[in-house]
Amino acid sequence: MNYNKLIIKAKEWFNNEKPFVLFSFPDSKEIFAYFQNTSDTFTTATYEDQGFVMAPFDYKKTALLIPEAHSDFYSAMITDVTDHPDEEVVIPEENQGKNTHLDIVGKAIKEIELGKLKKVVLSRSKKVALSLFDLQTLADQLFTKNYNGFKYLWYHPETALWCGTTPETLVHLKESTFKTISLAGTKKVEEIKTSFWSPKEIEEQAIVTSSIFDSLQNITPVLRISKPYTYNAGTLVHLKTDITGVVKKRFSKVDKFVNALHPTPAVCGSPFKLAKEFIQNFENYNREFYSGFLGQINCPECGTNLFVNLRSMKIENATATIFVGGGIVDKSNPLKEWQETQNKLQTMLKVVAPML
């Protein structure tokens, strides 16, 4: 199936309120799709089926599933991939919520200084009215633009429409080998050309690496950890560490890795329980599927590939809700943290720009 026919089919499924997902892997021009044959809701806690899963941040051991057994599977190639314009998208009431976010970040820094927390990840949402929503335009903006990440467009009657382009792998698992990453710290591409990573950003990323290492010790004692390096994700760059290993067959289950890794310190914090408690007490909104995870499971050719749901948004009733966040440590500056979330908004704002 070619790309245009794939999008026409997605529009048909969307209009009929039937579940579907389009997705592409990093550095690939191939799009894959599952179109569920019914409007039923399927879930999984065992992750033993083939298909595509999506789970919220507040994960209760069950994920939504578009099962391959009840879906048609297609792929298509995109030949013309272009860059988004460099100009930033300006929206009305751009600084709405600024004081609230600064206040919460300040509270988090004080809590960290007391020694109770090492890191907490604080997020916020921004609602943007769409004057002319069109699924074809959304898909084109997402899949034919040069983002270095996992791209997806998901629809389910239970969730409304979600899409995103995330730079963060939760886990790649194939047979007895696995790979995950530690990703934290954020700068604009142009900033990294003239400045080094700050002690705050290095500390933030090191906390994530250490916590992931500790979590995986219960699955395997043999891990290979790379040195941190700068990773380009569109107009932003991050500090990244690759973590790989081999596990015995009885441990190579998707649910074991999901339960060990989610939520990572890159989307929640450390120690986990205290960080999540702080988030629940002070964020004052429901993250829904933002900073949850999603991806294809048990593919015979490529195994399981799950990604953290960052740089994402929900579209419902001609309104895009864009979600952004950042990690707070003792060296954080509230104003710089606010600006980091503003920078992260640009990824999805550029996706919806033609529909504003």
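Structure shown above.
So, here is what we can say about the structure in this document. (Residues numbered from 1 in each chain as written. Predicted model: local features only at pLDDT ≥ 70, side-chain atom pairs only at ≥ 80, totals over all residues. Heavy atoms only, no water.)

### Thoughts on the overall build of the protein chain
For the protein chain, the count of helices and strands is eight helices and 19 strands. Its C-alpha atoms give the protein chain a radius of gyration of 19 Å, within 12% of the compact-globule value 21 Å for 356 residues. Structurally, the protein chain occupies a C-alpha span of about 55 × 55 × 40 Å along its principal axes. For the protein chain, with 356 residues in total, the buried portion stands at 55%. For the protein chain, long-range pairs separated by at least 24 residues make up 71% of all intrachain contacts whose partners lie at least 6 apart in sequence. Roughly 15700 Å² of accessible area belongs to the protein chain as shown, and the carbon and sulfur atoms make up 50% of that amount. Charge centroids of the protein chain, computed over 41 positive and 41 negative side chains, lie 5 Å from each other. (Helix = DSSP H or I, 4+ residues; strand = E, 2+ residues; numbered from the N terminus. Rg over C-alpha atoms; globule rule 2.2 N^0.38 Å. Buried < 20%, exposed > 50% of the residue type's maximum accessible area, 1.4 Å probe, protein only. Contact = heavy atoms within 4.5 Å. Areas by Shrake-Rupley, 256 points an atom, 1.4 Å probe, with all protein chains shown as cover. Lys, Arg positive; Asp, Glu negative; His and termini not counted. Charge placed at Lys NZ, Arg CZ, Asp CG, Glu CD.)

### Concerning the packing of helix 3 (residues 135–143) against helix 8 (residues 334–352)
Direction vectors running N to C along helix 3 and helix 8 enclose 135 degrees, while the axes themselves pass 8 Å from each other. The angle between the axes of helix 3 and helix 8 places the two elements in the oblique class. Here helix 3 contributes Leu138, Gln141 and Leu142 to the contact with helix 8, which in turn contributes Met348, Lys350 and Val351. (Axes fitted to C-alpha atoms, helices over the stretch in contact; angles between N-to-C directions. Parallel < 35°, antiparallel > 145°, perpendicular 65-115°, else oblique.)

### Some words on a negative patch on the surface
Where like charges cluster on the molecular surface, the negative patch consists of Asp83, Asp86, Glu87, Glu190 and Glu191. Residue Asp86 is classed as exposed on the basis of its relative accessible area, which comes to 71%. (Patch = residues over 30% accessible without salt bridge, like charges linked within 9 Å, V, L, I, M, F, W, Y side chains within 5 Å. Salt bridge = Lys/Arg side-chain N within 4 Å of Asp/Glu carboxyl O.)

### Overview of the pattern of salt bridges
Under the defined criterion, the tally for this structure stands at 14 salt bridges. Put simply, Asp103 and Lys107 hold a salt bridge, and the shortest N to O gap is 2.6 Å. Of this pair, Asp103 and Lys107 both sit in helix 2 (residues 98–113), four residues apart, which is roughly one turn of that helix. The class of Asp103 is partly exposed, set by a relative accessible area of 43%.

### Section: the sheet that holds strand 18 (residues 312–316)
Consider a sheet: its strands pair through backbone hydrogen bonds, and that pairing is either parallel or antiparallel. Overall, antiparallel pairing links the nine strands, which are arranged 6-2-1-8-9-18-19-7-15 in an open sheet. This sheet does not close on itself; its edge strands, each paired only once, are strand 6 (71–77) and strand 15 (269–270). For strand 7 (residues 119–129) and strand 19 (residues 319–328), the ladder comprises 10 bridges, and the chain directions are antiparallel. Within strand 19, the position partnered with Val121 by the bridge is Gly327. (Pairing = 2+ DSSP bridges.)

### Observations regarding the environment of Ile243
Examined against the element boundaries, Ile243 turns out to sit in strand 14 (residues 236–246). The spacing of Ile243 and Ile225 is 18 residues in sequence and 4.7 Å in space, taken between C-alpha atoms.

### Focus: helix 6 (residues 254–261)
Within helix 6, the full set of buried residues consists of Val254, Phe257, Val258 and Leu261. Buried positions in helix 6, seen along its axis, are confined to an arc of 100 degrees and lie on one side of it. Next to the buried residues of helix 6 lie strand 10 (169–174), strand 11 (177–188), helix 5 (199–216), strand 16 (293–299) and strand 17 (303–308). (Arc of directions from axis to C-beta.)

### Let's talk about the side chain of Asn309
Topologically, Asn309 is positioned in the loop between strand 17 and strand 18. On the accessibility criterion, Asn309 (0% relative accessible area) is buried. For Asn309, the side chain forms a polar contact with the side chain of Tyr152, separated by 2.8 Å. Not counting residues within four places of it along the chain, the set of residues in contact with Asn309 comprises Met54, Tyr152, Trp162, Phe289, Tyr290, Ser291, Gly292, Phe293 and Leu294. (Polar contact = N/O pair within 3.5 Å; in protein donor to acceptor, adjacent residues only side chain to side chain.)

### Here we look at unusual backbone geometry
Residue His262 is joined to Pro263 through a cis peptide bond whose omega torsion reads -10 degrees. Positionally, Pro263 belongs in the loop between helix 6 and strand 15. Backbone geometry at Asn317 places phi at a positive 55 degrees, although glycine is not the residue there. By secondary structure assignment, the location of Asn317 is in the loop between strand 18 and strand 19.

### Here's the deal with the packing of aromatic side chains
The full count for this structure, using the stated rule, is 26 aromatic pairs. Considering the side-chain rings of Phe150 and Phe307, the 4.2 Å spacing of their centres and the 5 degrees angle between planes classify their relative orientation as stacked. Of this pair, Phe150 sits in strand 8 (residues 150–156) while Phe307 sits in strand 17; the two residues are 157 residues apart in sequence, bridging distant segments of the chain. A relative accessible area of 5% places Phe307 in the buried class. Relative to Phe257, the ring of Phe178 lies with its centre 5.0 Å away and its plane at 50 degrees, an arrangement referred to as tilted. Remark: Phe257 occurs in helix 6 and Phe178 occurs in strand 11; sequence separation between them is 79 residues. Through successive ring pairs, a cluster of aromatic residues spans Phe23, Phe25, Phe32, Tyr34, Phe52, Phe73, Phe150, Trp154 and Phe307. Directly above the ring of Phe35 sits Lys9, whose terminal nitrogen or CZ lies 5.6 Å from the centroid. The lysine or arginine in question, Lys18, covers the ring of Trp13, its NZ or CZ lying 4.3 Å from the ring centre. (Phe/Tyr/Trp six-rings, centres within 6.5 Å; stacked < 30°, edge-to-face > 60°. Lys NZ or Arg CZ within 6 Å of the ring centre and 35° of its normal.)

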